[in-house]
Amino acid sequence: MLLLRWQLFVNSLRRPSRRAELGFQALWVFLGGLFVLITSAGFLFGTIGLLKIERPDLLDLLLWAVFLVWQLAPVLFEGYSPGLSFREVARYPVSFRVYFLLSSAYGISDPAAVTCLIWLLSMWVGIAMEQPGWAFMAAVAFLLFAVFNLLLNRIMVGLFERFQSTRRGRERMVFLMFILILVPQVLQFTTGYWSNTQALKPPAWVLQAITPMRGFSPPGVALRTFLLVGNPGWWALGALLLYACLAFLLLQRRLRAIYQGEIYAEAYTVSRELKVQKGWQLPFVDDVTAAIIEKELRYIRQSSRLLLQLVYPPIIFMLVAFSGAGRRLFFSRSPEAMVAGMAGFILLSVPNMAYNTFGMDKEGFGRWLLCPPMLRKILLAKNLAHGGILALLFLLAEAIIIAFARPRVLPALLVTVAFFAVLVIQFGAGNLISVYWPKRIELTQMNSKMASNAAGIASLLVMLAISTIAGMIAFAAWSWQLPWLPLVLGIAIFFAGLKLYSWLLDRSVAYIYGHIEEITGNLGA
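Every value quoted in this text rests on a predicted model; they were computed, and no experiment measured them.

K.L.:
Got a minute to help me understand the overall build of the chain in this structure?
P.N.:
Within the chain, the secondary structure is distributed over 22 helices and 0 strands. Relative to its full complement of 525 residues, the chain shows a buried share of 42%. Restricting to contacts in the chain with at least 6 residues of sequence separation, those with at least 24 account for 78%. About 29,200 Å² of surface is accessible on the chain, with carbon and sulfur atoms providing 70% of the total.

Rendered as structure tokens:
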């Protein structure tokens, strides 16, 4: 059996797409390791610096960073979390103790957990170097703090999976995840506005409420465990142990329910009469294309992550643009840059929309094969649905910017043409990447990414080539004093992009015909 599996693995490496996918995964691991190394050095030297200036009370800010990353990163960046479902493990004849131990220990395989553990180790090394007398109690505190975070993280992941298992829960998660990502940005701009405005100051009662909450929070009691001596330190250690025990009991209760066969299901409303609703009628397209567009938009509506990734970039850019510094830059000096910035932020969502065209079809990809002559129309309709959403977002944002900032007509028209040219080229390249490296999207699982690693690298390479051409055009227009040159070349690139899109679309359809079984296996696995 092992020999057979090894042979299958070796045979898979012979495919160019598989080798490229493994190469991209190795690149992401290298970049992730580099990020962990740099941030761990920051935690180490940050701890040493705070102890040197005799401000150990600020170490809880570093612990807060560990706490928030450990709890929120697996939810916000769910595609990089561990992918084993312990609902499947519960079907095997294992005792509850073994099941609980496996489920809890599996949380350490999360990249966020590994990163936070290394950060805690870096902090402890800094404490041991500067304050050796605190090293033992700091080790005990950090160990309990890590256990608490591990147990709480498994609770958070379980709640998230429970919400993701039903359609109504996924809709609620759209709002919750949006708030989790948006609140830090709003606080950042609000804090900057408060600091620059003498008339607006945080109320005194807010500061009075935050101070005791900071001391009795898990990061606060972990710090007080080794920072205070005598009874206060022991009380802090007891509070940290109490936090860990509460997390243990809550996780035990949740896992026991799963172990005993708990199933999450929606309550369906039974209608007395079932009527078939008429399909959409869209202008300029036939009924088949309109039906595919309607299906794609309904799929997108069910994906909370995709909806979040669509609306997050323009909203964050609007917050930046309408803040104090952004308002002075965009409204007073360069309102045209505001249109260009908005276009760039919206284009950040293109890889998730264009570079995994059949990701949400899963097993349904086989149904498209029942009508092979229509594969080109199917890809085109999907691109129209996804690209139409991005185009609508851009035109709506551009209309708002024109109404408030009133940019010049020629630069705004140039940005509009460039946006649609880039959009067409990206979707053409995305079709080819989608069939070379298809990625199954699971709306109810935390380990499902919206596109493959190869798609992420490919989109960066495409944008690098486009940016290089745009820089050359801008330099030529500046050198020859021809302000109309970028617009003329932009229109030419747009029509050339349409021709390139058509050629790449044909190549994608031809590749599907030659690799039907491989694509169906990747999407149906």
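Read on, since the account is not over.
K.L.:
How should I be thinking about the environment of Leu 62 in this particular structure?
P.N.:
Topologically, Leu 62 is positioned in helix α3 (residues 59–76). For the pair Leu 62 and Pro 219, spaced 157 residues apart in the sequence, the C-alpha separation amounts to 8.6 Å. Once residues lying within four places of it in the same chain are set aside, the contact partners of Leu 62 are Phe 43, Gly 46, Thr 47 and Met 123.

K.L.:
Just checking my understanding: could you explain the nonpolar core for this structure?
P.N.:
In summary, soluble globular proteins display a tendency toward joint burial of nonpolar side chains. Met 353, Tyr 355 and Leu 390 are the most contacted members of the largest nonpolar core, which has 53 residues in total. Take this core: its biggest share by element is 11 residues, from helix α18 (residues 375–405). Excluding its chain neighbours within four sequence positions, the residues that come into contact with Met 353 are Ile 300, Leu 306, Leu 310, His 386, Ile 389, Leu 390 and Phe 427. Judged by nonpolar contacts, the second largest core, of 39 residues, contains Phe 67, Phe 142, Leu 150 and Ile 155.

K.L.:
Where do I start with the packing of helix α12 (residues 287–302) against α18 in this structure?
P.N.:
Packed helices, taken two at a time, are described by the angle their axes make and the gap between the axes. α18 packs onto α12 with a crossing angle of 50 degrees between their chain directions and a minimal axis gap of 9 Å. In terms of axis orientation, α12 runs oblique to α18. α12 and α18 meet at a crossing whose hand is right-handed. For the pair α12 and α18, the contacting residues are Val 288, Thr 289, Ile 292, Ile 293, Lys 295, Glu 296, Leu 297 and Ile 300 in the first and Lys 377, Ile 378, Ala 381, Lys 382, Leu 384, Ala 385, His 386 and Ile 389 in the second. Tallied by class, the residues present in the contact of α12 with α18 amount to 10 nonpolar, 2 polar and 4 charged.

K.L.:
Whenever I open this one, unusual backbone geometry confuses me. Can you help?
P.N.:
Leaving glycine aside, a negative phi is the common case for residues, and trans is the common case for peptide bonds. We note that Glu 54 has phi near 60 degrees; this positive angle belongs to a residue other than glycine. Tracing the sequence through the fold places Glu 54 in the loop between α2 (16–52) and α3. For Gln 481, which is not glycine, the phi torsion reads 55 degrees and is therefore positive. When you line up the elements, Gln 481 lands in the loop between α20 (453–480) and α21 (485–514).

K.L.:
For this particular structure, what's the right way to read the pattern of salt bridges?
P.N.:
Note on pairing: side chains with opposite charge can pair once their charged atoms come close. On inspection of all chains with the given rule, the structure shows 7 salt bridges. When the shortest N-O distance is used, the salt bridge between Glu 130 and Lys 52 registers 3.5 Å. Linking Glu 130 in helix α6 (residues 111–130) with Lys 52 in helix α2, this pair joins segments that are 78 residues apart in sequence. The class for Glu 130 is partly exposed, based on a relative accessible area of 27%. The exposure class of Lys 52 is exposed, given its relative accessible area of 57%. Shared partners join several salt bridges into a network, and the residues in it are Lys 295, Glu 296 and Lys 382.

K.L.:
How should I be thinking about the packing of helix α10 (residues 218–227) against helix α11 (residues 231–259) in this particular structure?
P.N.:
Running from N to C, α10 and α11 point in directions that differ by 140 degrees, and their axes come no closer than 8 Å. As summarised for this structure, α10 and α11 are arranged oblique, according to the angle between their axes. As α10 runs across α11, the sense of the crossing is left-handed. Packed against α10, whose contacting residues are Pro 218, Val 221, Ala 222, Arg 224 and Thr 225, the element α11 presents Gly 233, Ala 236, Leu 237, Ala 239, Leu 240 and Tyr 243 at the interface. The residue inventory of the contact of α10 with α11, partitioned by class, reads 8 nonpolar, 2 polar and 1 charged.

K.L.:
Whenever I open this one, α6 confuses me. Can you help?
P.N.:
For an α-helix, 3.6 residues make a turn, and residues three or four places apart therefore share a direction. The terminal C-alpha atoms of α6, which comprises 20 residues, lie 29 Å apart, in line with the 28 Å expected from a rise of 1.5 Å per residue. Of all the positions in α6, only Ala 112, Ala 113, Thr 115, Cys 116, Trp 119, Leu 120, Ser 122, Met 123, Gly 126 and Ile 127 are classed as buried. Two or three places before Ala 112, at the opening of α6, Asp 110 has a side-chain oxygen 2.9 Å from that residue's backbone nitrogen.

K.L.:
What is the right way to look at the confidence of the model for the chain in this model?
P.N.:
Detailed conclusions should not be drawn from predicted coordinates in areas where pLDDT is low. Within the chain, residue pLDDT values average 77, and 71% of them lie at 70 or more. Note on residues 193–200: pLDDT under 50 across the span, and 4 contacts to partners over four residues away in sequence or across chains. Predicted confidence is poor over residues 266–274, with pLDDT under 50, and the contacts of this stretch with residues over four places away or in other chains come to 3 contacts.

K.L.:
Where do I start with a nonpolar patch on the surface in this structure?
P.N.:
Together, Leu 27, Trp 28, Phe 30, Leu 31, Leu 34, Leu 37 and Ile 38 line one region of the surface with nonpolar side chains, adding up to about 670 Å² of accessible area. Along the polypeptide, Phe 30 turns up in helix α2. By relative accessible area, which is 53% here, Phe 30 ends up exposed.

K.L.:
I'm lost on the environment of Leu 72 in this one. Help?
P.N.:
Checked against the element boundaries, Leu 72 lands in helix α3. Sequence separation between Leu 72 and Asn 153 is 81 residues; the distance between their C-alpha atoms is 8.5 Å.

K.L.:
Where do I start with the side chain of Thr 47 in this structure?
P.N.:
You can see Thr 47 is positioned in helix α2. Residue classification places Thr 47 among the buried residues on the basis of a relative accessible area of 0%. A polar contact is formed between the side chain of Thr 47 and the backbone oxygen of Phe 43, at a distance of 2.8 Å. Once residues within four sequence positions are removed from consideration, Thr 47 is found in contact with Leu 59, Leu 62, Met 123, Gly 126 and Ile 127.

K.L.:
Sorry if this is basic, but what is going on with the packing of aromatic side chains here?
P.N.:
Each aromatic ring pair is described using two quantities: the centre-to-centre distance and the angle formed by the ring planes. Enumeration over the complete set of coordinates arrives at 15 aromatic pairs. The interplanar angle of 40 degrees and the centroid separation of 5.9 Å between the aromatic rings of Tyr 436 and Trp 437 together place this pair among those described as tilted. One aromatic cluster is present, built from ring pairs that chain together Trp 64, Phe 67, Phe 148 and Tyr 243. The residue whose ring lies beneath Arg 256 is Phe 96, and the NZ or CZ to ring-centre distance is 4.0 Å.

What counts as what
- Residues numbered from 1 in each chain as written.
- Predicted model: local features only at pLDDT ≥ 70, side-chain atom pairs only at ≥ 80, totals over all residues.
- Heavy atoms only, no water.
- Helix = DSSP H or I, 4+ residues; strand = E, 2+ residues; numbered from the N terminus.
- Buried < 20%, exposed > 50% of the residue type's maximum accessible area, 1.4 Å probe, protein only.
- Contact = heavy atoms within 4.5 Å.
- Areas by Shrake-Rupley, 256 points an atom, 1.4 Å probe, with all protein chains shown as cover.
- Core = buried A, V, L, I, M, F, W, Y, C linked by side-chain atoms within 4.5 Å.
- Axes fitted to C-alpha atoms, helices over the stretch in contact; angles between N-to-C directions.
- Parallel < 35°, antiparallel > 145°, perpendicular 65-115°, else oblique.
- Left-handed = near helix turned anticlockwise from the far one by under 90°.
- Nonpolar A, V, L, I, M, F, W, Y, C, P; charged D, E, K, R; others polar.
- Salt bridge = Lys/Arg side-chain N within 4 Å of Asp/Glu carboxyl O.
- Expected span 1.5 Å × (residues − 1).
- Polar contact = N/O pair within 3.5 Å; in protein donor to acceptor, adjacent residues only side chain to side chain.
- pLDDT = per-residue confidence, 0-100.
- Patch = residues over 30% accessible without salt bridge, like charges linked within 9 Å, V, L, I, M, F, W, Y side chains within 5 Å.
- Phe/Tyr/Trp six-rings, centres within 6.5 Å; stacked < 30°, edge-to-face > 60°.
- Lys NZ or Arg CZ within 6 Å of the ring centre and 35° of its normal.

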